[in-house]
Amino acid sequence: MNPHDLIRLARQLASGELGSGRGRPRQSELRRAVSSAYYAIFHALALAAADLLIGTNRNSRIETLWLQIYRSLEHGYARNQCQNPAIGQFPPEIRDFAAQFVAMQALRHNADYNPAVTFTRREVMRLIDESEASIVAFENASEQDRRAFAVYVLFRPARR
């Protein structure tokens, strides 16, 4: 799943380009846009984890292991790790990505499950822009920091 494609989809939904086609998005389109922006962040992290831990070369990596890492990212555990004070050990671009992950997950839950919530087009476009910026900053962080963060959000510490 390409995170940038999900950002593009979120923008199309929020602009009213899809669905109603009137240029004025419906609440259902704005809600799906918020959800797509969150999933862009989620898949950016899952993709980075699989690529950094298994590899990007499809010819030399074991595809089942790459998929196992990709699918191992748990929404709740990742959120908890992103809120853990230990997140402070990471550089700002990783901490900002983690904060955006947490914020967008909460907004996605509202968008998907709270029928009373409403969104404005301006608000959703801002959320999409912020999500995209956090993804780009995360992708530009050092490979070492991204790998360490992937391990941090994927694996529970061993109990002794």
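Student: Tell me about helix H1 (residues 3-15), residues and numbers included.
Tutor: In this model, H1 (13 residues) spans 18 Å end to end at C-alpha, consistent with the 18 Å of a helix rising 1.5 Å per residue. Against helix H2 (27-53) and helix H6 (121-140) lie the buried residues of H1. The backbone nitrogen of histidine 4 has a side-chain oxygen 2.7 Å away, supplied by the residue at the start of H1, namely asparagine 2. Just beyond H1, the residue with positive phi is glycine 16, at close to 85°.

Student: Break down the nonpolar core for me, with residues and values.
Tutor: Residues Leu45, Leu73, Phe101, Val124, Ile128, Phe149 and Val153 are the most contacted members of the largest nonpolar core, which totals 48 residues. For this core, the secondary structure elements donating two or more residues are H1, H2, helix H3 (63-72), helix H4 (75-83), helix H5 (92-113), H6 and helix H7 (143-154). Tallying contributions element by element places H2 first for this core, with 15 residues. The residues contacting valine 124, other than those within four sequence positions of it, are Ala14, Leu30, Ala33, Val34 and Phe119.

Student: Give me the side chain of serine 36: which residues, what numbers.
Tutor: Along the chain, the position of serine 36 falls in helix H2. Every residue in contact with serine 36, bar those within four places of it in the chain, is listed here: Leu6, Leu9, Ala10 and Leu13.

Student: Report on H6, specifying residues and quantitative values.
Tutor: In this model H6 runs 29 Å from its N-terminal to its C-terminal C-alpha over 20 residues, within 8% of the 28 Å that 1.5 Å per residue would give. If you check which residues of H6 are buried, you get Val124, Leu127, Ile128, Ser131, Ser134, Ile135 and Phe138. Buried residues of H6, seen end-on, are gathered within an arc of 130° and therefore sit on one face of the element. Residues of H6 that are exposed and point over 90 degrees away from its buried face: Arg122 and Asn140. Against H1, H2, H5 and H7 lie the buried residues of H6.

Student: How would you summarise the packing of aromatic side chains if you had to cite specific residues and measurements?
Tutor: Enumeration according to the criterion identifies 11 aromatic pairs in this entry. On the numbers, 5.6 Å between centres and 65° between planes, the contact of tyrosine 38 with phenylalanine 101 is edge-to-face. Placement of the pair is tyrosine 38 in helix H2 and phenylalanine 101 in helix H5, with a sequence separation of 63 residues. For tyrosine 38, a relative accessible area of 0% gives the class buried.

Student: Account for the side chain of serine 35, naming residues and giving values.
Tutor: Note that serine 35 resides in helix H2. The residues contacting serine 35, other than those within four sequence positions of it, are Arg108 and Asp112.

Conventions used here
- Residues numbered from 1 in each chain as written.
- Predicted model: local features only at pLDDT ≥ 70, side-chain atom pairs only at ≥ 80, totals over all residues.
- Heavy atoms only, no water.
- Helix = DSSP H or I, 4+ residues; strand = E, 2+ residues; numbered from the N terminus.
- Expected span 1.5 Å × (residues − 1).
- Contact = heavy atoms within 4.5 Å.
- Polar contact = N/O pair within 3.5 Å; in protein donor to acceptor, adjacent residues only side chain to side chain.
- Core = buried A, V, L, I, M, F, W, Y, C linked by side-chain atoms within 4.5 Å.
- Buried < 20%, exposed > 50% of the residue type's maximum accessible area, 1.4 Å probe, protein only.
- Arc of directions from axis to C-beta.
- Phe/Tyr/Trp six-rings, centres within 6.5 Å; stacked < 30°, edge-to-face > 60°.

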